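Observations on chain architecture
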Amino acid sequence: VDERLERYAELVVKVGANVQPGQEVFLFPSVEHKDLARALTRQSYRAGAAYVHILYNDAHVRRAMIELGPDEALTYSPEWQKSYVSSIAGNAMIATTGNPEPDLLADLDGERVGRAVPQEIVQIRIKQMGENTVNWTGVGAPSEGWATQVYGEPDVERLWEEVAFCMRLDEPDPPAAWREHLDRLAERSTQLNNLRADAVRYRGPGTDLTVGLLPKAFWMGGAGDTASGIRYVANMPTEEVFTSPDARRVEGTIRATQPFPLVGQVVRGLELTFEGGRAVKVEAETGADLVRSHFATLENADRLGELALVTKESRVGQTGTLFYDVLFDENATCHIAYGAGFPFVVDGDPGEGLNVAHTHVDFMVGGPELEVDLVLTDGTEVPLIRNEEWQLA
Amino acid sequence: VSANGDRLERYAELAVRVGGNVQPGQEVFVYGLVEHADLVRALTRQAYRAGASYVNVEYDDQHIKRAMIEFGPDEALTYSPEWQKALTQGMSGNALLATTGNPEPELLADLDGDRVGRAIPLEVAELRRAQHRAQSVNWCGIGGPTAGWARQVLGEPDVERLWELVAFCFRLDEPDPVAAWREHLDRLDARSAALTERRPDALRYRGPGTDFTVGLLPSAHWGSARFRTAGGIDYVANMPTEEIFTTPDPRRAEGTLRSSMPLSLGGQLIRNLQLRFEGGRIVGVEAESGGDVVRSHLATIENADRLGELALVTKESRVGQTGTLFYSTLFDENATCHIAYGAGLPYAFEGEPDEAMNISNIHVDFMVGGPELEVDAVLADGTEVPLIRNEEWQLAT
């Protein structure tokens, strides 16, 4: 038995998803993540799970569909997969990330790749997220392919060490270390919520963007609670405080500061220009077609769904590693997402300002030169981040 | 594509076109172990090339099953999740391709044999049985070579050697594999027709440790694994297949049967299985190892203690010619004569199965053939007609 793997899985099951005795657990691993999937299954049963469901995902099967399948297959949601996703309500879910072959779809038609979204399944998931009935978490699963992407060689052991560091597995009592860390993030979101700001302003190289905030939306960070009161940590690692903006009020230009993988391709040097809340211009060194295809074919993909603030205390940031994985990289530095907003950050009816879309794509905008300010209702600007440090007392 | 990559694609293409015979516009369901990912991917590609409207892939993982048996609650063992029921129902009218070849055949060997035996999703098994009865799925089971399977078979993880053996059994060495398969199946169908025509009342097996008589059902015929769905799609349910088979009268089985090859079952290896029958039911189980798994089946699964299949295989078998014990039922049952306890085969009937056919949620094949086994057909008047001697077919076709 690989002891680190089991301790990792135990932390994910107990602190991340916080699996309750008698709950069913749903896993969504890639086939390349089978070692972790097996450890998560063992630890879930040990935590008292009634049953552990597993639906392995295979990017090569998806590639075959996009390359060789008929048009209708791209957006098709099989009944059994809808049933799988629907059954998660009231139960626990653990998703794994860390793409073993991030460039696998790179040579395919970007437009078909972008359209390949099982529409009904995405709808079920969005509804589930809104109802907040699932205690869930997403965690990284090191593989040779992912390690090669990160280091240029298949050094899985090194990747495991960095992932374990980001997960605070080096702490004498990792669950206690996580509690402390999550409290710190919750404190930051309280500070932000108390200021009741009207907008956020980003300034930096290639970036000058102002994004409106919704009066009924709040900032969140750290752990969350399901509607029935089960505490969970949706992402491990997590270093962010975040909210969903007023998608109607976005003006200016924002430049991504890191490449990021997107459905089998890597988007490099993304630059988006917004007018009246919509992205009106997409530039990128690679992957621009894919982003444009999202904007053209997925309703409201061209509006923003998330703003997230991260500072240099981040363990992910401290590694100095570009992980080519959103779960990790978005926790290294400040990021923004286009696509769906989060209904759970809004008190009551979200209204029209909260974006509704079938996709949610995070990209990193933070770095030493990025300045982030809160704009209060009276126009006063309050510095939030300078030199990657938190500015609020 | 490398030479081996080409072999993988040709193998998958043959499974899709001759085995499953995937029709344009059909959905295809692929069931494979996570260790079979390369083959599952090739099957997916070939299914789309054959015109599949969508390929549904479900990966199975023995380690997940192990965790359930070892750490899960009792109710988990027989639980059928809604989505798995939906998955099974989705196959009706569509095609199914399943891979076998367990990379870790003894993974469950140290677990409680009773729990291993009970671990069957009952409602899903019932749905599958109904689907078999309705003959609504064109399906095919094939082997998926892995390092673990190669180690079990060859004593070392020589996957390339295992691939060569599997490709030989698959007739991939023939200049025109599709034509070779047609000819091969015609030969098996001629044997089936000759035997069905004699309308035997029973079969008699004699050999070392074996003296056994089993009754036959008048409406059941003998056939090969070349089947036709209710919708009229021809398919080959097992590749390789070397057998002709029928489903017996489960009320009439007497005597003793000794298995002539080890059997990989539920993660354990059953060695030297001996079954004693009285009045159609198994009343005694002996084995060198794995006997508990069989006893658990018989004790907990209804009608597992009655027979569902009789199958005859001779020395022309390509599987038998390899002289290899594959530790996989799909292959080993095609090396030599075998018998199955549990569910009968609706494929043995024109139309509705005989009411007497055994109904059960399990079907376990075990091998009884070998050079010393003599098989005779017992006709209605008591005459015994030799069918197999020295692994050779005796009945004129």
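Scroll up a little and you will see the structure.
This write-up is about the structure you can find in this document. (Residues numbered from 1 in each chain as written. Chains lettered and ligands numbered in written order. Predicted model: local features only at pLDDT ≥ 70, side-chain atom pairs only at ≥ 80, totals over all residues. Heavy atoms only, no water.)

A few points about the overall build of chain A
Under the convention used in this document: Helix and strand labels come from DSSP, where a helix needs a run of H or I of at least four residues and a strand needs a run of E of at least two; each type is numbered from the N terminus. Burial here depends on accessible area, computed with a 1.4 Å probe over protein chains only, as a share of the maximum for the residue type. Under 20% is buried, over 50% is exposed, and the range in between is partly exposed. Contacts were defined at the residue level, with two residues in contact if any of their heavy atoms lie within 4.5 Å. Working definition of accessibility: Shrake-Rupley area with a 1.4 Å probe, residue cover restricted to the visible protein chains. Positive: Lys, Arg. Negative: Asp, Glu. His and the chain ends are not part of the count. Every charge is mapped onto a representative atom, which is NZ of Lys, CZ of Arg, CG of Asp or CD of Glu.
When helices and strands are tallied, chain A shows twelve helices and 21 strands. Based on the C-alpha atoms only, the size of chain A along its principal axes is roughly 55 × 50 × 45 Å. Out of the 393 residues belonging to chain A, those deemed buried represent 60%. Contacts in chain A between residues far apart in sequence, at least 24 positions, make up 76% of those at least 6 positions apart. Just so you have it, chain A exposes about 15000 Å², and 47% of that area is on carbon and sulfur atoms. If the 35 positive side-chain charges of chain A are averaged to one point and the 61 negative ones to another, these points end up 2 Å apart.

With respect to the side chain of A:R63
Residue and element names in this part refer to chain A. Tracing the chain through its elements places R63 in helix α3 (residues 59–68). Among the residues examined, R63 registers a relative accessible area of 16% and is labelled buried. Setting aside chain neighbours within four positions, we find R63 in contact with L104, L105, D107 and L108.

Some remarks on the nonpolar core
Test applied: Here the nonpolar core consists of buried residues drawn from Ala, Val, Leu, Ile, Met, Phe, Trp, Tyr and Cys, with membership extended through side-chain atoms lying within 4.5 Å.
Formed by 164 residues in total, the largest nonpolar core has its most connected members in A:Y202, A:L309 and A:F363. Contacts of A:F363, omitting those with residues within four sequence positions, involve A:I254, A:A256, A:F260, A:L270, A:L272, A:H335, A:I336 and A:Y338. B:L275, B:A304, B:L307 and B:V368 belong to the second-largest nonpolar core, a separate cluster that totals 48 residues.

Quick word on the packing of helix α4 (residues 79–86) of chain A against helix α5 (residues 82–90) of chain B
Inclusion rule: Axis definition: a line fit to C-alpha positions, over the contact stretch in the case of helices; interaxial angles, taken between N-to-C directions, run 0 to 180 degrees. Relative orientations are named as follows: roughly parallel for angles under 35 degrees, roughly antiparallel for angles over 145 degrees, roughly perpendicular for angles from 65 to 115 degrees, and oblique for any other angle. Put simply, Ala, Val, Leu, Ile, Met, Phe, Trp, Tyr, Cys and Pro go in the nonpolar bin, Asp, Glu, Lys and Arg in the charged bin, and everything else, Gly too, in the polar bin.
For the pair α4(A) and α5(B), interaxial distance at closest approach is 8 Å and the crossing angle is 175°. Considered as vectors, α4(A) and α5(B) are oriented roughly antiparallel to each other. Packed against α4(A), whose contacting residues are A:W80, A:S83 and A:Y84, the element α5(B) presents B:E82, B:W83, B:A86 and B:L87 at the interface. A breakdown of the residues in the contact of α4(A) with α5(B) according to their chemical character gives five nonpolar, one polar and one charged.

Quick word on the sheet that holds strand β16 (residues 338–342) of chain B
All names here are of chain B. How we decide: By definition, two strands form a pair when at least two bridges between them are found by DSSP.
Taken in spatial order, the four strands of this open sheet run β9-β15-β16-β17, and their pairing is antiparallel. Looking at the sheet topology across the chains shown, the edges are occupied by β9 (244–246) and β17 (363–367). Across the sheet, the mean angle from the axis of one strand to that of its neighbour is 20°, orientation sign disregarded. Of the strand pairs in this sheet, strand β15 (residues 307–312) and β16 are connected by four bridges, and their pairing is antiparallel. Bridge pairing links A311 to H338 in β16.

Considerations on the interface of chain A and chain B
Selection rule: Accessible area, probed at 1.4 Å, shrinks when two parts are joined; the buried area is that loss added up over both. The term salt bridge refers to a pairing of a side-chain nitrogen on Lys or Arg with a carboxyl oxygen on Asp or Glu at a separation within 4 Å.
Each side of the interface is counted separately: chain A has 31 residues, and chain B has 32 residues. Summed over both partners, the interface of chain A with chain B buries about 3000 Å², with 68% contributed by carbon and sulfur atoms. On inspection of chain A and its partner chain B, the count reaches four salt bridges. The salt bridge partner of B:R41 is A:E32, with a shortest N-O separation of 3.0 Å.

Here we look at the pattern of salt bridges
Charged atoms that come close allow side chains of opposite charge to pair. Residue and element names in this part refer to chain A. Inspection of the entire model under this criterion finds 66 salt bridges over all chains. Across the pair E131 and K127 runs a salt bridge whose closest N-O atoms are separated by 3.2 Å. In this pair, E131 and K127 both sit in helix α6 (residues 119–131), four residues apart, roughly one turn of the helix. Classification of K127 as exposed rests on a relative accessible area of 56%. The network of salt bridges with common partners includes R201, R203, D208, E371, D373, E381 and R386.

What about the pairing of strand β10 (residues 248–258) of chain B?
Residues and elements named next belong to chain B. Pairing between strand β6 (residues 210–216) and β10: five bridges, direction antiparallel. In the sheet register, F212 faces β10, and the bridge partner there is G255. Bridge count between β10 and strand β13 (residues 274–278): four bridges; the pairing is antiparallel. Residue pairing for β13: G255 is matched across the bridge by F277.

Describing the packing of aromatic side chains
Heads up, the condition is: Only rings of Phe, Tyr and Trp enter the pairing, Trp through its six-membered ring, and a pair is recorded when the two centres are within 6.5 Å. The plane angle decides the type: under 30 degrees is stacked, over 60 is edge-to-face, the rest tilted. We count a charge as sitting over a ring when the NZ of a lysine or the CZ of an arginine lies within 6 Å of the ring centre and within 35 degrees of the ring normal.
On inspection of all chains with the given rule, the structure shows 30 aromatic pairs over all chains. Seen in terms of ring centroids, B:Y205 and B:F212 are 6.0 Å apart; in terms of plane orientation they differ by 50°. Their pairing is tilted. Its relative accessible area of 0% is what places B:Y205 among the buried residues. Put simply, the rings of A:F26, A:F28, A:W80, A:Y84 and B:W83 pair up and form one aromatic cluster. The positively charged end of A:R125 is found above the aromatic ring belonging to A:F28, 4.8 Å away from the centroid. Above the plane of the ring of B:F168 lies B:R318, whose end atom (NZ or CZ) is 4.4 Å from the centre.

Here we look at the sheet that holds strand β3 (residues 92–97) of chain A
All names here are of chain A. Strand order in the open sheet formed by four strands is β2-β1-β3-β4, and the pairing between neighbours is parallel. The open sheet has two edge strands, β2 (51–54) and β4 (135–140), and neither has a second partner. On average, adjacent strands in this sheet sit at an angle of 20° to one another, irrespective of strand direction.

Focus on the side chain of A:S314
Along the chain, A:S314 falls in the loop between β16 (304–309) and α11 (315–319). Every residue in contact with A:S314, bar those within four places of it in the chain, is listed here: A:E239, A:N331 and A:A332.

Looking at the environment of A:E180
All names here are of chain A. Checked against the element boundaries, E180 lands in helix α9 (residues 174–195). Since its relative accessible area comes to 56%, E180 is described here as exposed. Separated by 61 residues in sequence, E180 and V241 place their C-alpha atoms 15 Å apart.

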